[in-house]
Amino acid sequence: MVFMRFRPRIFSPSLFGPSKPRTPTLAASPPAAAAARRRIVSMASSTTASEDALRRALAERQAAVDAQAEAVRALKAAGAAAAKAEVDAAVEALKALKVEAGAAARRLQAAVGASGGGGGAAREEMRQAVVNTLERKLFYIPSFKIYRGVAGLYDYGPPGCAVKANVLAFWRQHFVLEENMLEVDCPCVTPEVVLKASGHVEKFTDLMVKDEKTGTCYRADHLLKDHCKEKLEKDLTLSPEKAAELKHVLAVLDDLSADELGAKIKEYGIVAPDTKNPLSDPYPFNLMFQTSIGPTGLNVGYMRPETAQGIFVNFKDLYYYNGQKLPFAAAQIGQAFRNEISPRQGLLRVREFTLAEIEHFVDPEDKSHPKFVDVTDLEFLMFPRELQLSGESAKLVKLGEAVSKGTVNNETLGYFIGRVYLFLTRLGIDKNRLRFRQHLPNEMAHYAADCWDAEIECSYGWIECVGIADRSAYDLRAHSDKSGVPLVAHEKFSKPREVEKLVIVPSKKDLGLAFKGNQKMVVEALEAMSEKEAMDMKAALESKGETNFQVCTLGKDVVITKKMVSISMEKKLEHQRVFTPSVIEPSFGIGRIIYCLFEHSFYTRPSKSEEEQLNVFRFPPIVAPIKCTVFPLVKNQEFDDAAKVIDKALTTAGISHIIDTTAISIGRRYARTDEIGVPFAVTVDSATSVTIRERDSKEQIRVGIDEVASVVKQLTDGQSTWADVSFKYPSHIGPQDCLVSSIA
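Now for a look at the structure at hand. Fair warning: this is a prediction, and the values are worked out from it, not measured in the lab.

**Observations concerning the nonpolar core**
Formed by 70 residues in total, the largest nonpolar core has its most connected members in Trp171, Phe423, Leu424, Phe436, Phe588 and Phe598. Looking at which element gives the most residues to this core, the answer is helix H14 (residues 411–427), with ten residues. No fewer than three residues from each of domain 2 (116–191 + 294–488 + 580–609) and domain 5 (626–728) sit in this core. Every residue in contact with Phe598, bar those within four places of it in the chain, is listed here: Val130, Leu134, Phe139, Tyr140, Val163, Leu347, Phe617 and Phe619.

**Digging into the side chain of Asp470**
Tracing the backbone shows Asp470 in strand S16 (residues 461–470). Polar contacts involving the side chain of Asp470 include one to the side chain of Asn410, which spans 2.9 Å. Setting aside its immediate chain neighbours within four residues, Asp470 contacts Lys367, Asn409, Asn410, Leu413, Ala448, Ala449, Asp450, Ser582, Val583 and Ile584.

**Thoughts on the packing of aromatic side chains**
Given two aromatic rings, their pairing is described by the distance between the two centres and the angle made by the two planes. Inspection of every chain in the model, using the stated rule, returns 26 aromatic pairs. Pairing Phe170 with Phe423 gives two aromatic rings, centres 5.4 Å apart and planes at 15 degrees, and the pair type is stacked. Residue Phe170 is found in helix H4 (residues 158–177), and its partner Phe423 is found in helix H14; the two are separated by 253 residues along the sequence. Assigned by exposure class, Phe170 and Phe423 land together as buried. Relative to Phe423, the ring of Phe175 has its centre 5.5 Å away and its plane inclined at 55 degrees; by these criteria the two rings are tilted. One end of the pair, Phe175, is in helix H4; the other, Phe423, is in helix H14, and 248 residues separate them in sequence.

**Looking at a nonpolar patch on the surface**
On the surface, Phe144, Ile146, Tyr147 and Val150 cluster together into a nonpolar patch covering about 510 Å² of accessible area. With respect to the helices and strands, Val150 occurs in the loop between strand S1 (140–142) and strand S2 (154–156).

**A few points about the side chain of Asn277**
By the element assignment, Asn277 lies in the loop between helix H9 (258–267) and strand S7 (283–286). Taking relative accessible area as the criterion, Asn277 reaches 13% and is therefore assigned buried. Within the local environment of Asn277, its side chain forms a polar contact with the side chain of Asp211, the two groups lying 3.2 Å apart. Sequence-distant contacts of Asn277, that is, excluding residues within four places in its chain, are made with Asp211, Lys213, Thr214, Val271 and Ala272.

Scoring rules and cut-offs
Residues numbered from 1 in each chain as written. Predicted model: local features only at pLDDT ≥ 70, side-chain atom pairs only at ≥ 80, totals over all residues. Heavy atoms only, no water. Core = buried A, V, L, I, M, F, W, Y, C linked by side-chain atoms within 4.5 Å. Buried < 20%, exposed > 50% of the residue type's maximum accessible area, 1.4 Å probe, protein only. Helix = DSSP H or I, 4+ residues; strand = E, 2+ residues; numbered from the N terminus. Domains from an automatic or database assignment. Contact = heavy atoms within 4.5 Å. Polar contact = N/O pair within 3.5 Å; in protein donor to acceptor, adjacent residues only side chain to side chain. Phe/Tyr/Trp six-rings, centres within 6.5 Å; stacked < 30°, edge-to-face > 60°. Patch = residues over 30% accessible without salt bridge, like charges linked within 9 Å, V, L, I, M, F, W, Y side chains within 5 Å. Areas by Shrake-Rupley, 256 points an atom, 1.4 Å probe, with all protein chains shown as cover. Salt bridge = Lys/Arg side-chain N within 4 Å of Asp/Glu carboxyl O.

Written out as structure tokens, the structure reads:
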């Protein structure tokens with residue numbers, strides 16, 4: 001991401017857009033919670049629109065309160081000259097005005113809560129309920145806990161490992177297998193030369209500020225975002241104009257330069273959160289972990305900050321393996337490492353994490369996709385840059401319409417946006433809290449054609465979880481230049497063709513004299529010009545001798561003179577076309593997706609006594625850590641033997657399960673497995689047939705013992721739905737339901 005934070009990969013070190021967190025109702029059934037979320041989404045734009053009016057109304061009422069209070073003080077100061085009845089009437093009027101002001105404040109607070117996610121307290125309450133359950137059930141815990149841990153490092157426990165494995169398995173199925181991708185597995189330790197070519201060594205940075213007295217470091221954009229959000233949520237005296245300004249800052253936060261970010265921090269009087277000391281100006285901090293390869297320490301390396309470079313440097317071999325045919329895609333799942341300045345937000349910002357990245361190589365002259373028709377009718381929330389810059393909200397848009405209008409640059413990029421949407425929603429992400437946000441102009445590198453982030457809303461706000469970018473040919477060209485090995489593709493012609501080619505030859509000597517250390521960025525920007533841009537520059541140079549030229553990576557215009565670059569169109573006879581492929585890159589932050597899935601899947605429901613709230617994770621079967629449990633209803637040999645038969649059949653079918661023979665009530669056992677998201681429970685209450693209970697509806701059916709494994713297999717593989725099996729098998733209401741109802 002640019003604004004001095006270089007974004008060599010789309011899944012950058014930044015956190016990614018304005019936050020409008022919202023919390024689902026805790027004690028609600030899944031359908032009720034979903035309906036509530038839909039109502040909130042539909043009301044969001046009208047609520048936002050009315051917020052300004054409510055702020056103005058509150059300001060007017062508060063002004064009336066102040067004026068009446070002054071009148072009361074004046075009457076009391078007059079002493080005997082003022083009649084008691086007159087004073088009493090003035091006091092009563094003041095009380096009435098205070099009541100009106102209080103009501104106006106409550107209406108405004110409700111509007112702010114609706115647009116911002118129900119208020120900070122509600123979000124924090126929801127988050128703590130989720131995190132406490134996750135840590136207590138060992139989904140994940142802080143690493144090195146007995147040594148008080150290290151910020152930004154977490155361990156996955158048994159159910160967390162299972163969820164992660166299931167998410168990655170579905171990712172492979174959905175992308176690698178269904179799209180015929182080539183999967184690779186490359187080392188985590190990367191030589192410095194590779195990351196110099198990609199730009200990471202020089203510019204893989206976030207902007208940092210320091211406490212000027214203690215030296216404690218903070219992310220500059222985090223401090224500004226937190227300040228704006230807190231003022232909007234808690235300061236009801238903000239004028240509509242000031243509220244609009246803070247919302248605009250949140251909307252363009254990723255577009256601010258270091259100077260602009262520093263100016264805002266000073267303007268708003270933001271200080272170090274812990275000590276209230278003044279802060280330094282923002283400056284870049286490189287996020288890579290440096291190491292050395294070999295015992296001498298001379299061969300510098302880094303722990304990779306992403307997995308994509310291993311794919312790029314192997315392009316030549318992968319292209320040959322694919323029969324020298326385009327398009328094709330390569331994929332990799334693996335660990336990445338970033339030395340975050342101030343890790344926070346649990347799994348959302350960590351120093352070691354799992355990425356799943358795809359590099360789809362395509363002819364830059366043909367970015368159509370044969371399967372785009374499969375996703376063209378998908379409709380979901382899209383947040384193009386025009387809406388962001390105008391302060392509007394994301395809107396429902398059909399993907400085909402977005403591509404046809406040019407909002408999304410091309411079909412292949414659009415196809416992957418659609419596939420990402422299907423992947424996330426099938427995992428269990430709420431489609432009403434998923435949006436695709438287009439990068440603002442200064443976020444995008446100059447070589448990128450278009451970039452979109454899949455952002456998921458959770459209690460922390462809108463979180464970037466997937467980046468989908470058309471990176472043009474930058475990456476392969478960068479490694480070709482550095483290594484001297486051409487990473488190109490070939491299109492052979494049946495007959496030789498005379499072609500006219502754009503030739504751009506920067507004068508590195510003259511550019512070096514003019515721009516010194518910035519020479520490389522200017523050269524790259526010149527070489528990346530489109531034909532129209534180049535010919536416009538040629539015309540300007542011939543008529544005026546110089547022209548202004550924007551270099552995005554510098555964040556400013558520079559003056560290019562005629563001697564600095566040669567631009568021409570040359571005719572050549574060619575037998576084949578040699579070109580550098582463009583890259584469409586979807587990049588998935590697996591840990592972030594999993595955390596958002598945890599929140600979207602979590603709800604509570606009351607026990608029958610309604611004195612206890614029972615936690616439930618409504619994981620879809622495809623990602624549930626355990627697919628089913630087996631409960632002998634009571635302790636006897638006959639039921640134990642039947643449970644062993646079912647256990648063997650489930651194991652043979654490859655279904656993860658647990659057998660619980662504890663003496664606690666069946667209701668308690670159901671509640672215990674609901675809390676880790678097990679979708680189905682098999683209760684052994686006879687030697688020939690059993691009941692299968694569905695977690696969220698708590699409905700039960702009766703099936704024969706020999707059918708249990710096949711029924712559960714159909715449900716967990718998605719071959720059948722609960723409605724299908726409920727229609728096929730008889731429903732069951734028995735003594736155990738009475739036991740369940742007393743608990744769950």
